[in-house]
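Spelled out from the first residue to the last, the chains are:
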Amino acid sequence: MNYLNKTTATPTQELHVWSNVEEIFLDDSYLNNNILQSIGVLTSLKTLSLSNCGLIGSLPNQGWCDLRNLEELDMVGNALEGMLPYCLALRFISLSRNRFQISMPFLSLANLPNLKILLGNENKMVMEPNSFHTSVPKFQLNIIKLSKCTTDHGLGIEPPNFLYYQYDLRYVDLSYSNFSGTVPLWLLEKHPKLEDLFLMGNSFTGNIPHCLSGMSDLSILDLSDNQLSGRVPEELIMRSSLEVLRLSNNNLSGIIVPTIFSSNRLSKLYLDGNNFVGEMSDTDIPTIDFSYPLKDIDLSNNNLYGKLPRWIGNVSSLERLALSNNQFEGSIRWNCATLTLDLTGNNLTGKIPEWIDTLSALGVLLLKANHLDGGIPIQLCKLYSLSIIDLSQNMFSGPIPYCLGNLTLATKQYKSLMKVSSYFASTKEGVLTYIGIRTLKNDVSHDYPSTYMEEWINFTTKSVSYSYGGKILEHMSGIDLSCNKLSGQIPYELGNLSGILSLNLSHNDLIGVIPSSFSKLKLLESLDLSYNNLSGRIPIQLVELNSLEVFSVAHNNLSGSIPEPKAQFGTFDESSYEGNPLLCVPPLHNNCFKTESPSTIPTTSDDKGEGSFMDTNVFCVSFLVSYVGVLLGIFVLCINPYWRKTWFSFIEGCITSTEDMLRHHGSSQDFPVT
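What counts, and where the lines are drawn
- Residues numbered from 1 in each chain as written.
- Predicted model: local features only at pLDDT ≥ 70, side-chain atom pairs only at ≥ 80, totals over all residues.
- Heavy atoms only, no water.
- Helix = DSSP H or I, 4+ residues; strand = E, 2+ residues; numbered from the N terminus.
- Buried < 20%, exposed > 50% of the residue type's maximum accessible area, 1.4 Å probe, protein only.
- Contact = heavy atoms within 4.5 Å.
- Areas by Shrake-Rupley, 256 points an atom, 1.4 Å probe, with all protein chains shown as cover.
- Disulfide = S-S within 2.5 Å.
- pLDDT = per-residue confidence, 0-100.
- Salt bridge = Lys/Arg side-chain N within 4 Å of Asp/Glu carboxyl O.
- Phe/Tyr/Trp six-rings, centres within 6.5 Å; stacked < 30°, edge-to-face > 60°.
- Lys NZ or Arg CZ within 6 Å of the ring centre and 35° of its normal.
- Pairing = 2+ DSSP bridges.
- Polar contact = N/O pair within 3.5 Å; in protein donor to acceptor, adjacent residues only side chain to side chain.
- Patch = residues over 30% accessible without salt bridge, like charges linked within 9 Å, V, L, I, M, F, W, Y side chains within 5 Å.

Peer 1: What am I meant to see in the overall build of the protein chain here?
Peer 2: A count of helices and strands for the protein chain gives 10 helices and 43 strands. Counting across all 674 residues of the protein chain, residues that qualify as buried make up 49%. Of all intrachain contacts in the protein chain linking residues separated by at least 6 positions in sequence, the fraction that spans at least 24 positions is 55%. Accessible surface, the protein chain: about 31100 Å² in total, of which carbon and sulfur atoms supply 54%.

Peer 1: Can you help me understand the state of the cysteines in this one?
Peer 2: Two cysteines whose sulfur atoms are joined by a covalent bond form what is called a disulfide. Throughout the structure, instances matching the rule amount to 1 disulfide. The disulfide partner of Cys381 is Cys403, and the S-S distance across this bridge is 2.0 Å. Looking down the S-S bond of the Cys381 and Cys403 bridge, the torsion is 60 degrees, so its handedness is right-handed. On the criterion of sequence distance, the pair formed by Cys381 in the loop between β30 (371–374) and β31 (388–390) and Cys403 in the loop between β32 (395–398) and α4 (420–427) is long-range, its members being 22 residues apart. Here Cys381 falls in the buried class, since its relative accessible area comes to 5%. Overall, Cys403 belongs to the buried group, its relative accessible area being 12%.

Peer 1: Looking at this model, I keep getting lost on unusual backbone geometry. Mind explaining?
Peer 2: Glycine aside, negative phi is the norm for most residues, and most peptide bonds take the trans geometry. Unlike most non-glycine residues, Gln393 shows phi in positive territory, near 55 degrees. Topologically, Gln393 is positioned in the loop between β31 and β32. Accessibility expressed as a relative area gives 38% for Gln393, which makes it partly exposed. Here His555, not a glycine, exhibits a phi torsion of approximately 60 degrees, which is positive.

Peer 1: What exactly am I supposed to notice about the confidence of the model for the protein chain here?
Peer 2: Note: predicted coordinates in regions of low pLDDT should not be interpreted at a detailed level. Summary statistics for the protein chain give a mean pLDDT of 79 and a share of 72% for residues scoring 70 or more. Per-residue pLDDT stays below 50 along residues 7–13; that stretch engages in 10 contacts with residues further than four places along the chain or on separate chains. For residues 413–451, every residue scores under 50 in pLDDT, and the model assigns this stretch 91 contacts once sequence neighbours within four places are set aside.

Peer 1: Can you walk me through the pattern of salt bridges in this structure?
Peer 2: Opposite charge on two side chains permits them to pair, given that their charged atoms come into close proximity. For the coordinates displayed, the defined rule picks out 9 salt bridges. One salt bridge in this structure joins Glu544 and Lys522, with 3.2 Å as the shortest N-O distance. Of this pair, Glu544 sits in the loop between β40 (533–536) and β41 (550–552) while Lys522 sits in the loop between β38 (509–512) and β39 (526–528), and the two are 22 residues apart along the sequence. Put simply, Lys566 and Glu564 hold a salt bridge, and the shortest N to O gap is 4.0 Å. By relative accessible area, Lys566 is classed as partly exposed at 43%. Residue class for Glu564 comes out exposed when judged on its relative accessible area of 52%. Here the residues in one salt-bridge network are Asp296, Asp298 and Arg320, joined through shared partners.

Peer 1: What exactly am I supposed to notice about the packing of aromatic side chains here?
Peer 2: What characterises a pair of aromatic rings is the spacing of the ring centres plus the angle enclosed by the ring planes. The full count for this structure, using the stated rule, is 7 aromatic pairs. Between the aromatic rings of Phe569 and Phe572, the centroid separation amounts to 5.1 Å while the plane-to-plane angle is 80 degrees, which identifies the pairing as edge-to-face. For the pair Phe569 and Phe572, one class covers both residues: buried. It is Arg246 that lies over the ring of Tyr270; its NZ or CZ is 3.9 Å from the centre.

Peer 1: What exactly am I supposed to notice about the sheet that holds strand β12 (residues 150–151) here?
Peer 2: Strand pairs in the sheet, formed through backbone hydrogen bonds, run parallel or antiparallel to each other. In spatial order, the strands read β8-β10-β12; together these 3 strands make up an open sheet with parallel pairing. Every other strand in the sheet has two partners, leaving β8 (101–102) and β12 as the edge strands with one partner each. Note: β8 against strand β10 (residues 124–125), 2 bridges, orientation parallel. The partner of Gln101 across the bridge, within β10, is Lys124.

Peer 1: Help me out: how do you make sense of the side chain of Asn346 in this one?
Peer 2: Looking at where Asn346 falls in the secondary structure, it is placed in the loop between β27 (340–342) and β28 (347–350). The exposure class assigned to Asn346 is buried, which follows from its relative accessible area of 4%. At 3.3 Å, the side chain of Asn346 forms a polar contact with the backbone nitrogen of Gln327. From its side chain, Asn346 meets the backbone oxygen of Thr344 in a polar contact 3.3 Å long. Discounting residues that sit within four places of it in the chain, Asn346 has contacts with Leu323, Ser324, Asn325, Asn326, Gln327, Phe328, Ala369 and Asn370.

Peer 1: Just to check I follow, could you spell out the pairing of strand β22 (residues 275–279) for this structure?
Peer 2: Two faces belong to every sheet, and in a regular strand the side chains alternate between them. Only one face of β22 is buried, namely the one carrying Phe276 and Gly278, since none of Asn275, Val277 and Glu279 on the opposite face is buried. Pairing of strand β20 (residues 251–254) with β22 involves 2 bridges; the strand directions are parallel. Bridging across to β22, Gly254 finds its partner in Phe276. Relative to strand β24 (residues 303–307), β22 runs parallel, the two being bridged by 3 bridges. By the bridge assignment, Val277 is partnered in β24 with Asn303.

Peer 1: Teacher, can you tell me more about a nonpolar patch on the surface here?
Peer 2: On the surface, a cluster of nonpolar side chains totalling about 270 Å² of accessible area is made up of Phe650, Ile651 and Ile655. As for its placement among the helices and strands, Ile651 is situated in helix α10 (residues 641–667). For Ile651, a relative accessible area of 31% puts it in the partly exposed group.

Peer 1: I would appreciate a short explanation of the pairing of strand β18 (residues 227–230) in the present structure.
Peer 2: Bridging between strand β16 (residues 203–206) and β18 involves 2 bridges; their strand directions are parallel. Bridging from a neighbouring strand, Thr205 pairs with Gln227 of β18. Note that β18 and β20 share 2 bridges and pair parallel. By the bridge assignment, Gly230 is partnered in β20 with Leu252.

Peer 1: Looking at this structure, I do not really get the environment of Val277. What am I missing?
Peer 2: If you trace the backbone, Val277 turns up in strand β22. Val277 gets classed as partly exposed once you look at its relative accessible area, which sits at 38%. Along the primary structure Val277 and Asn326 are separated by 49 residues, whereas in three dimensions their C-alpha atoms are 9.3 Å apart. Among all residues touching Val277, those that are not within four sequence positions of it are Gly254, Ile255, Asn303, Leu304 and Tyr305.

Peer 1: Would you take a moment to explain the environment of Phe100 for this structure?
Peer 2: By the element assignment, Phe100 lies in the loop between β7 (92–94) and β8. Note on Phe100: relative accessible area 0%, which makes it buried. Sequence spacing of Phe100 and Met125 is 25 residues, and the spatial spacing of their C-alpha atoms is 8.5 Å.

Structural data, given as structure tokens:
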């Protein structure tokens, strides 16, 4: 028997029953440490995988030395601690999400001369005593991951010293482990074959080392979320082999020149969240070749100003452009075929250009918080790939195009620009072949930094600004037209947006009624129509929106009863309806009979007071009957002399009787003279 999984074993079974087994996979089973007491009888064992099995405490000491063929050990997601068995000859070990203390003593006491891959995320990193500073480890790693490790000191520490004695590293991830000091030059100089380096989320200071530009095999460099300062070496982008460079959220400064975007290999460039300043000039553009595969540019949250550079439109391969929260001004001047266009939070003016419909692949359009005006162009209706539209906090006017209802707003898989699994499968195949360990793909991608290779955007829904990325972004859809000067009625056709999750039309000058067609928006989670001039009743059909979490029609001119407080509408309080004095029924304190206009209150047999009003329908019917009766009477009197004579005699008698009554009434009011 060569293979054992959790379908063929239970915690109470003895592993020595299958002494010739070579691979054991009991992942996600509930086990206790006793199952490892007889581990030594499995002399043929090559792979042991016990991830997420609830193992606690130290590994048993006995039996491990008999496992001379064991190459792969996976203990991810348990609560193990202590030391590794001292006599293992592993090539691959994954100890992530345990309580081991990773240090030189921890590794040196294990006989690991063949170790190539060490995955130790989310354990404890301890300082190495001086006696071990000169100890040379027996192994030479190719891949090491020590991400999100805690330390035994409150302050940051330097990267572990045993890395100083490595010379064949290809993949290094020391992210989010509170390392401090400058970026270690020895880590860079000793590893000319390094391909991927992840140092984000630490407290590194100083400048970006210039030697990084001379590393011919380096394809991914992430130094984001540190405290680095100074300028970005131009040769780091122009002359290196980098495909992905992320320097986000540091204190880097300087100007950004167009030449850095013409690297022959760079695919993704993230310089957001720094202190870059100045105008992105259009000078000398004809001399720059933009035919290289640059797909993702993020320059958001800097201090860039001036007009949007025309040369960006020449980057034909661009899929995502994020220039939000800068000080760009002027109009939108270029039409690059992006999937995501984010110009939020600038000083842009003018209209949305009519050529917007040429961006046929555009999936996310974010123009929030600018000074754009004019009408919403109908050309947007031709962008059938759109799933998120944010035009809020501008000065758009005129009606909402009814053709927006033709958009599907379907979720799009491409909005997460790069999947971790596909990336790892394509770029690490050479290392996998060299090392010969197939479990690397699953383990490394399993706890890969979720924010790294995924696109993230900010979009306001449910009255809160959220960040959407990865799988969540893929399934998000919404339209935000709030805080503009839009007028006219809400198009009935918006009820055809069956895939929409969020719709915000608040703070405009919209009139008319709320379309009952909104009841077809079955996936809608947030609907905000507040601060408009809407009138009429709230459609009772809206109670069919079972996914609705946020609903507001506050500060309009709505009247009548609110929808029955059942299902989701039973969760909305008075704030959803406030500012509509003619609305009634709980949770409001208004009384329908006190707030509704007289023409809308039906009369009953009990409404006999002097202040009672006649129902409009009753009045119309009575008037019509009376009018027909008068016409009919006139017609009869004209053609029948006898009836005419009788009618006139009756009228003369009525007049005489009236005069006598008035004369009698007048005499009774006389008072005696004194």
